[in-house]
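# Observations on the model geometry
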Amino acid sequence: MPETIIESVLSGKIDIALFIKWLGNEPVEDSNEDCVLLCCNRSEFVVQFLSYLRNQTDNILQTNTNAHQVLQYQNTPEKIINSRRNHHRSISDPTSDDRTMDNLSVKTDRQRSHESSPSKDRKRAGRKVKTKLFTDDKKDQSVSSDESRLSCGLERIVISSTPLKNGVKDHPNLPLASPVTPRSFREYERCDTPRLSHRHSRSHEKNCLGDYLVTAQKSTKKKKVVKNISNDDTTDSSIVLDLSNSEMFPEIGVRKSSSLRSERRRIKPTNIDKPVAQKSYSLNSFTSECFQQPSPLALEDNVAFKQQSLQPKESANTFEVERNMLKQERHKLMEKFNILNTSTSCTAIVTPQIKVSHKDSFEKNINYIKSDCTKIVFKDKIDILIEIYNALLKNNLILSVITEIYFLISILLSKQIEDDYVTAETNLSNNNLDFILKSIHNCTYFAVKSLWAQRVVLEVILDKNSLKILGENKKVRSFYPDLAKFLLNSYGLKCEAENNQERKNPTESRSSNGVICFNLETDNIDNFPTVASFQNFKKQRDMFYQILGWYQETQTSGGSRTTFRARIKTLLTCGQSPANYAHLATLFTAHMLSECLPQNTQESKMSKLQRRLTCPTAPESHRLPYFSVKELFYKEFIMYTENESFRVHLRDAFASEIIILDSTPIAIDDRTNASGSDISREYLQVSRKLNLLAKFLGFVLALPYTQVPLDSSKSVGAVRPPQQPSHAPPKERVLENNLALRNYSQPSLDLKGLLINSYKNSRISITIPWLVHYLSQLDYTTLRLKYYQELLKIIFNIYTDKLKLSTDNGMKKNTIIYLKSILGWLFDLPHFPMELFYEKTIQITVMCEVNIDCYDVIDESMLFELCPFLKDVNVLLSTCRVSHDQKEVGSFRHITPVSLSFNTEDRIRNKEKELQSRLEEEFLRSQPSSWRRVLELVVERVTAGCVRELAARPLAAARARARARARAHVAAHARADTTALLESLQGLYLEQLQQVRTSALETAATWIRTRSAHALAALLPAAPPALHALAVKGCLGRLRKWIDDNWTTTAILCKDIEAEMKALVSLGECASWAGAPPVTPATPATPASPATPASPPTTDLRALTAPAPVFHAANVSPAPLIIHLKEQICLLLEDEEPSDEELTPLLANCATSCSPSNLFGRLHTQRAILQLSVDLCIVLVTKRPDKVTEAFLLKVNAIWNTCCPDRKKNQSEETSLPDRRPDLSPDFRNFEDDRAPTPVSDDDVKVTTPIIISPGVIELANSQKEEVNCVEDNKEEFLEFFERVLCPRNIVMLSHSKSPGPAWSAMATFLVFLLHHHYLSEDSLTEQCLAVYRQDWPQNVLESLSTCMKSVSSQWSRSSTGKFNLFLDFLAEYCGDMEYEPME
Amino acid sequence: MSECKIMKLEIYNAIVDDFSMLTSFSRRAENELKKKYNQLPPSTLGSIISLLVQRSMKQSYRKSPVISSKYHDLYEELMTDKSKGNVIMKLSDCQGVSPALFARSLLQNVYSDSAMAKKCIKDTTLIEDKDLAYQVFMGIMNDNQYGPYADIIKQSIGLEYELRLERELRLMNITFSDENILRSRGYDKTPDFKLDVPIAVDGFIVNWVESKALFGDEENHSGYLKEQLSCYWNRFGPGLVIYWFGYLETLNSKPEVNNMFILRTNFPEKASITQYRIDL
């Protein structure tokens, strides 16, 4: 039925106003024509209308060399719709009830389409190649009245584009390209074969209204009828077909055609000889095939065609083969014309390529007609079309407005080939309305005027350069000057806005440093179930970054990525507990969010320049969902993670993050101090994150259904991973099975609920974009599951009902356009189930709150950032200019120069400023996230409080003050001229305003400090001072902004100065003095001293921060001293002379360094120095006995004394024996008896310590933390060095002395010195002697030792108890000559 | 000062070459090197030598009872000879092992109790065998890289420079959390100093500071990078590493340097530090 409508409307049978009403879904009064409208589906009509437009403009668009690269994807929505719908019907889907036109049973239908599809595929592809060779629409026209052709058209509508669908199947990456590609080449090969015209009609393109008319009639009939007609048709076409033989058009590429033919032939045999099917389904494909076949074959084909459907199974295999061949063929062609999406793997196709690049030679021979506004005919009819078109767009009956604009602009930029033009003209002059848009003039008029109708959208989606280009376009100027004016005007506005904006917010948030900071709250050990898991995650975190670093490295260096999978595997096996996966997923998510969001403009100056210099200028299309270079890592990571458990955690992490972000309050009424740009920025932040997360969530969810097992032996890196075949429709049967299997599964997020909720809360501008990204990632089948169908219906409903620019629904224009574009993008995706659009059933009616949707949040830059595909339109415009002049497609970009301030002072200041803000950010990032939220909250609340406070007090006071002054002023100048008085009053108020502004900020600053300090102290007691500063800074910034925004005019002091003046004048002097303003001076509260978590200052700290001279004097580094001391000993051992100049300061330094106040000192360094100094003495005694003087010993004593300050003094003198051994000898008499057992115990290592160390030692010991516990032992140990002075080693050393006599006597001096200074006790010495005597020694050593002992005894006698001397003497006497025998 | 601590590769290579010519790991050989490169700060050269010795010891010294007893046999053999001299020194030189390590190996063979062996190495006066005691003493005294004194020196230097760093931070009023605090809070990796509020050094953001009281060459740097520095980076962001005794100039061209962290040989001058201003 819809097919008749266009005709009727054009011919005036249907009133256009009525019709528009019908389109707008308004009730239509009853009239004759209504019956047509009433029994027609609006959606059907939309589809027909669009395809009508496309067909009309076909030949014109061909001339547009720029357009095709993008157009291929979008050009023919109606076909997709058809194909989809048809396809949909064929599925036994319980949910689809409105199969209005389908009379066939589901089952048969499906079968047929399934069976017939292969042949269609083949034909389709073949046709495509062929079409290149034949270009004509004109011919179609000529034959358009033909019955047969008409029937074809009809059939197409009913059964529609199965072939297209197949085409999609064949070429997953470029599903929609198929119908378009051929067209773009037609022009070159169009040749003069009028007979070919049949082809066109058969190839499902309705070229004229007649088609629709007939179809309409036929459509009511049963399929059989259709079939018959089509059969007739086929015979017709077969005759014609001979001409289409490629050989007839050698110029186009003989080689090519022959190769194609050969392939075609391969295909043919499978079809031939099969019994004829009754289905009319294959008709379309058949016709198209006919064209490609040489005529005799074509005839056979017709026959074969019928048979084919009956025996589909047998041919299936061959079909597969053929399909593959065709697939490759098409792929090659696509490649040729650079229309392959970057992400497709072109490498898979190896077959030789066909050269198609003949266009240059052709172009030269072809004359183009340029549009001319004076030659428009049937203007009124075109206007009707425009009106209909506009109504469709306005009512959101067309899925993608952007596509339509693209289409219109493409027309605008096209020329027409002369031959086409002539045909069109002649037809038009014959009043043939079928050609109404076939002439370039009419067509351009249509385009320009339709664009005018869409100017509101244009203004938004075009960037300023495109606006300018389009506005300056000669055609636009001549066809519709108003549009040109409008465009240039909005260009001016955009420029202006841009300048303003640049000044306003020069910087956004800076890029991250690529690190997710360790978050104390979520990452510390308490967040892990076990220590092992914590430790494992430590490794995993590092490994993750290693992998990331490695990946980036291979990206730049082009290294192989073969180990990617192995690395991920290692990472995941490193910690396999669920907790680890969860943490890893969180880290992954956080990292992805921080890494993948676009960088701000500020820091990218350098990279911008670099990009301009290094990157090719070829515009990339964003038609299909894609992953940016940075996102690729995460995508591949997920793909190569063959760990379902981790993926589930990842999914949870994504989903939870989405939920949080989706519910982020952005525009709450309560936020009085948030300005528009704040909301915008925040919105952009949130939206970006959501889009990213949703995209990945969709990816993860679709992965199990789309991922083809990777060949593990094959390298994964280097080449980009293959694109998922998700865009290709699966086999019918497969799809059906999958649907049956999965129809009741639900996504991990309650998407429907979220969407409806957000609709209710007017937050769809947040929810819909991410939902779109999510859906775009899903696979073909998933999108057709019951759940998603319902979801999509809700979306469609929102699209058609809510997103209309005309109705006042509280949404801002930009927001609507944004949502429309992004939804249009989704609807246009190849795997999107468009057919659902026409089955909307759900009606949501909700009242909407005022929320984010009602705010003006979307600006141009955001629009382009969030919808990268909008660039396609702009690119189309900006590239066309050049390519029209020069015959090649060179792109042309407007480049805004990158500027740099040359004022050094400025730069330094900026640098400092930038550094500060970077520090701030870095600081914030390192804080736990909860702290950040608290900070945000505090800033928010404190500012809000201050705003209230300001309005309540200082403002009120200022009002009163201003009023008083005004009164005084009026009183003083009562006689003055009113205008002068008014002016002076205004001045006065202005002055008052300034005053109150400055003073308010000052008072507020004080409040803010106290309040935020209190708040932070209460909420975050451990917050460092910097956090307080940040809070204050944030508050002040917001407050300043608020004051700037709100306290701008004197209105805040006095609404109407003039009225006030009049009142004051009339009141005169009797005006009562208003009460003095309650100026409550803000309490000059000192900002609460930030709670420093630092420990109370200790002496340690004071010493540490002492001024340099003091510090360096008191703190001597022990390490070099030890080295030196050791070196001196070594030198002595090697019989070299140590100089006093070196030794003296060294020993002095050693003494200082051993002092407990030396921060660098440690117990073990003291110990080492002590030990070495004792050794030094021994060595000196051995080697240079003459140097062992009292002076030297005193120097060493300084060291020892600091090391061992607590020596038991003079045990012998004090008669303190009871203290020492009360238990053993109560009467203190039998000393010798007591001592006797000691020597007998031949364990000379375990010398009992004669000194009891007082507990005070512990306190005096070095205060360094880690050593405290071992102080006691170590300190005690120190004196042990002296207790082994007479150890075997030293005696050996002494015995090696070159001058034994002096050495031994020096030793005696040394020992006496030790005794004297209480380093050595008498007991200890006797014990040592005994121990020595127990070993075997040469006679001379024993003698020397005895001499030495005697000497000690004699020198010590004065101060000693007699017993010790006696004992020593005895030992010396007894052992001096014992010669081995006494022991044992 | 700090410039000369960033060592040219040629000089470093020359040192390595000279080192590889040495026939002994005793202090005397080292002193010769030191004399040759006396224009370098002694601590720098000492650190380089120390690293080189450690690396060659990794190759030539094995801790095993078999080798210990073999060493002991050699020792016994030489000790029977009357003209003793520095037996351990001689043996260690001909075994290509540092004297202190040789001595330790010997003691491990003598004392079955490894705790006792350790004690004796620490204090040679405890060794009963008088000749062994003397020999071990000589061995240890002549070894600058191994033995108790060397250990103490290394440990002491590390602590000392951490303290110096802490002093600088405190003088600048830069607040920080040290390793112990961080560990008590449950951090998994802890740099020497994690700054509470980041600072900028010559425009580079610094979140943490790691003190390395040694010379940074390629080998130990890459070790630290893997074990510590990159871990700190991926937890706390960029930081500062101080190689107090200098580092090899080639480190400056490593991708991670000036990216994950910057290298210095001293605590940066006050002028080059930008602190986050807290002007309330």
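Residues numbered from 1 in each chain as written. Chains lettered and ligands numbered in written order. Predicted model: local features only at pLDDT ≥ 70, side-chain atom pairs only at ≥ 80, totals over all residues. Heavy atoms only, no water.

### Quick notes on the overall build of chain A
If you tally the helices and strands in chain A, you get 66 helices and two strands. Every one of the 1384 residues in chain A was classed for burial, and the buried ones make up 57%. The contacts of chain A with a sequence gap of at least 6 include a subset with a gap of at least 24, amounting to 83%. Looking at chain A as shown, the accessible area adds up to about 55700 Å², and 55% of this sits on carbon and sulfur atoms. (Helix = DSSP H or I, 4+ residues; strand = E, 2+ residues; numbered from the N terminus. Buried < 20%, exposed > 50% of the residue type's maximum accessible area, 1.4 Å probe, protein only. Contact = heavy atoms within 4.5 Å. Areas by Shrake-Rupley, 256 points an atom, 1.4 Å probe, with all protein chains shown as cover.)

### As for the overall build of chain B
Per the secondary structure count, chain B includes twelve helices and eight strands. Split into buried and exposed, the 280 residues of chain B put 59% on the buried side. Expressed as a percentage of contacts within chain B between residues at least 6 apart in sequence, the contacts between residues at least 24 apart total 64%. Just so you have it, chain B exposes about 11800 Å², and 51% of that area is on carbon and sulfur atoms.

### Description of the side chain of Arg27(B)
Relative to the helices and strands, Arg27(B) is located in helix 3 (residues 27-36). For Arg27(B), a relative accessible area of 1% translates into the label buried. Aside from chain neighbours lying at most four places away, what touches Arg27(B) is Glu1127(A), Cys1130(A), Leu1131(A), Glu1134(A), Met141(B), Asn142(B) and Asn144(B).

### A few points about the environment of Ser1012(A)
Residues and elements named next belong to chain A. Position of serine 1012 relative to the elements: it lies in helix 46 (residues 978-1019). For the pair serine 1012 and leucine 935, spaced 77 residues apart in sequence, the C-alpha separation works out to 9.2 Å. Those residues within four positions of serine 1012 in sequence are excluded, and the remaining contacts are Val938, Val942, Trp1007, Ala1031 and Val1032.

### Brief notes about the interface of chain A and chain B
Taken together, the contact pairs 79 residues of chain A with 64 residues of chain B. Both sides together, the interface formed by chain A and chain B hides about 6600 Å², and carbon and sulfur atoms give 63% of it. Area buried by chain A at its contact with chain B is led by Leu919(A), Lys1126(A) and Arg1289(A), which between them contribute 10% of it. Here Arg27(B) and Glu1134(A) are joined by a salt bridge, their closest N and O atoms 2.8 Å apart. For the interface between chain A and chain B, the tally reads 23 residue pairs in polar contact (both at pLDDT 80 or more). Elements supplying a minimum of two residues to the side of chain A that touches chain B: helix 29 (531-557), helix 43 (904-926), helix 47 (1025-1046), helix 49 (1099-1104), helix 50 (1108-1114), helix 51 (1118-1133), helix 53 (1163-1183) and helix 62 (1288-1295) of chain A. (Buried area = accessible area lost by both parts, 1.4 Å probe. Salt bridge = Lys/Arg side-chain N within 4 Å of Asp/Glu carboxyl O. Polar contact = N/O pair within 3.5 Å; in protein donor to acceptor, adjacent residues only side chain to side chain.)

### A look at the packing of helix 64 (residues 1322-1333) of chain A against helix 65 (residues 1339-1356) of chain A
All names here are of chain A. Put simply, helix 64 and helix 65 touch, their axes get as near as 12 Å, and they point 165° apart. Between helix 64 and helix 65, the angle falls in the class roughly antiparallel. Of the two elements, helix 64 crosses helix 65, and the hand of that crossing is left-handed. Two secondary-structure elements touch here, helix 64 through Glu1322, Leu1325, Cys1329, Val1332 and Tyr1333 and helix 65 through Leu1342, Leu1345, Ser1346, Met1349, Val1352 and Trp1356. Residue composition of the contact of helix 64 with helix 65, grouped by class: nine nonpolar, one polar and one charged. (Axes fitted to C-alpha atoms, helices over the stretch in contact; angles between N-to-C directions. Parallel < 35°, antiparallel > 145°, perpendicular 65-115°, else oblique. Left-handed = near helix turned anticlockwise from the far one by under 90°. Nonpolar A, V, L, I, M, F, W, Y, C, P; charged D, E, K, R; others polar.)

### A closer look at the confidence of the model for chain B
Scored by pLDDT, chain B comes out at a mean of 87, with 97% of its residues at no less than 70. When mean pLDDT is compared element by element in chain B, strand 5 (residues 239-243) of chain B scores highest at 93, while helix 1 (residues 2-5) of chain B scores lowest at 58. (pLDDT = per-residue confidence, 0-100.)

### Observations concerning the pattern of salt bridges
Overall, the coordinates contain 38 salt bridges over all chains when judged by the stated rule. Here Asp652(A) makes a salt bridge to Arg651(A), at a shortest N to O gap of 3.9 Å. One salt bridge connects Glu1134(A) with Arg28(B), and the closest N-O pair in it is separated by 3.5 Å. Here the residue Glu1134(A) occupies a position in the loop between helix 51 and helix 52 (1140-1154), and Arg28(B) occupies one in helix 3, the pair thus bridging two chains. Within this structure, Glu1127(A), Glu1134(A), Arg27(B) and Arg28(B) form a network of salt bridges that share partners.

### Notes on the packing of aromatic side chains
Evaluation of the coordinates by the stated rule reveals 53 aromatic pairs over all chains. Arranged with centres 5.4 Å apart and planes meeting at 75°, the rings of Trp1200(A) and Tyr1319(A) form a pair that is edge-to-face. Here Trp1200(A) is found in helix 54 (residues 1190-1203), whereas its partner Tyr1319(A) is found in the loop between helix 63 (1300-1316) and helix 64, with 119 residues between them in sequence. Comparing Trp1200(A) with Tyr1319(A) shows no difference in burial state: the two are buried. On the numbers, 5.0 Å between centres and 85° between planes, the contact of Phe176(B) with Phe193(B) is edge-to-face. With Phe176(B) in strand 2 (residues 176-178) and Phe193(B) in strand 3 (residues 193-201), this pair connects stretches of sequence that are 17 residues apart. Accessibility expressed as a relative area gives 3% for Phe193(B), which makes it buried. Sitting over the face of the ring of Tyr705(A), Arg742(A) holds its NZ or CZ atom 3.2 Å from the ring centroid. (Phe/Tyr/Trp six-rings, centres within 6.5 Å; stacked < 30°, edge-to-face > 60°. Lys NZ or Arg CZ within 6 Å of the ring centre and 35° of its normal.)

### Thoughts on a negative patch on the surface
Residue and element names in this part refer to chain B. Together, Asp73, Glu76, Glu77, Glu128 and Asp129 make up a region of like negative charge exposed at the surface. Among the secondary structure elements, glutamate 77 is positioned in helix 5 (residues 65-80). Its relative accessible area of 58% is what places glutamate 77 among the exposed residues. (Patch = residues over 30% accessible without salt bridge, like charges linked within 9 Å, V, L, I, M, F, W, Y side chains within 5 Å. Lys, Arg positive; Asp, Glu negative; His and termini not counted. Charge placed at Lys NZ, Arg CZ, Asp CG, Glu CD.)

### Concerning the nonpolar core
With 344 residues, the main nonpolar core has Trp1200(A) and Phe1282(A) as its most contacted residues. Considering each element in turn, this core owes the most residues, 15 residues, to helix 35 (residues 676-706) of chain A. Aside from chain neighbours lying at most four places away, what touches Trp1200(A) is Leu1170(A), Ser1173(A), Val1174(A), Cys1177(A), Arg1207(A), Phe1282(A), Phe1310(A), Phe1313(A), Leu1314(A) and Tyr1319(A). Counting 53 residues, the second-largest nonpolar core is a separate cluster that includes Val939(A), Ala962(A), Val996(A) and Tyr276(B). (Core = buried A, V, L, I, M, F, W, Y, C linked by side-chain atoms within 4.5 Å.)

### Description of the packing of helix 38 (residues 764-777) of chain A against helix 40 (residues 813-827) of chain A
Residue and element names in this part refer to chain A. Remark: helix 38 packs on helix 40, axes separated minimally by 10 Å, with the N-to-C direction vectors making an angle of 15°. Classified by the angle between their axes, helix 38 and helix 40 sit roughly parallel to one another. The interaxial crossing formed by helix 38 with helix 40 has left-handed handedness. Mapping the contact onto sequence places Ile764, Ser765, Ile768, Pro769, Val772, His773, Leu775 and Ser776 in helix 38 and Thr815, Tyr818, Leu819, Ile822, Leu823, Trp825 and Leu826 in helix 40. A breakdown of the residues in the contact of helix 38 with helix 40 according to their chemical character gives eleven nonpolar, four polar and no charged.

### Focus on the pairing of strand 3 of chain B
Residue and element names in this part refer to chain B. Of all the nine residues making up strand 3, eight are buried; the element is thus mostly covered by neighbouring parts of the structure. Taken together, the three bridges between strand 2 and strand 3 define a ladder with antiparallel strand orientation. Across the sheet, residue aspartate 178 finds its bridge partner in strand 3, namely phenylalanine 193. Looking at chain direction, strand 3 and strand 4 (residues 204-212) are connected through five bridges and run antiparallel. Its bridge partner being in strand 4, phenylalanine 193 is matched across the sheet by valine 209. What sits between the antiparallel neighbours strand 3 and strand 4 is a turn of two residues, in which aspartate 202 has the positive phi angle 50°. (Pairing = 2+ DSSP bridges.)

### Quick look at the confidence of the model for chain A
Scored by pLDDT, chain A comes out at a mean of 67, with 60% of its residues at no less than 70. Across residues 600-604 of chain A the pLDDT falls below 50, and counting only partners more than four positions away or on other chains, this stretch makes eight contacts in the model.

### With respect to the environment of Gln48(A)
You can see Gln48(A) is positioned in helix 4 (residues 42-61). Between the alpha carbons of Gln48(A) and Thr4(A) there is a distance of 9.9 Å; along the sequence they are 44 residues apart.

### Description of the environment of Lys475(A)
Residues and elements named next belong to chain A. Residue position: lysine 475 is located in helix 26 (residues 474-479). On the accessibility criterion, lysine 475 (13% relative accessible area) is buried. Not counting residues up to four positions away in its chain, the partners in contact with lysine 475 are Ser371, Leu412, Leu413, Ser414, Thr444 and Tyr480. Within polar-contact distance, the side chain of lysine 475 engages the backbone oxygen of leucine 412 at 2.7 Å.

### A closer look at helix 30 (residues 564-574) of chain A
Residues and elements named next belong to chain A. Among the residues making up helix 30, those that are buried are Phe564, Arg565, Ile568, Leu571 and Leu572. Mapping the buried residues of helix 30 onto a view down its axis gives an arc of 125°, with all of them on the same face. Here the buried face of helix 30 lies against helix 29, helix 31 (578-596), helix 33 (629-640) and helix 34 (644-662). (Arc of directions from axis to C-beta.)

### What about unusual backbone geometry?
Peptide bonds are mostly trans, and most non-glycine residues show a negative phi. Residue and element names in this part refer to chain A. The phi angle at asparagine 396 is positive, at roughly 55°, despite the residue not being glycine. Tracing the backbone shows asparagine 396 in the loop between helix 20 (379-394) and helix 21 (401-412). Its relative accessible area of 0% is what places asparagine 396 among the buried residues. Phi angles above zero are rare outside glycine, and serine 762 is one such case at about 60°. Take serine 762: it is sitting in the loop between helix 37 (751-760) and helix 38.

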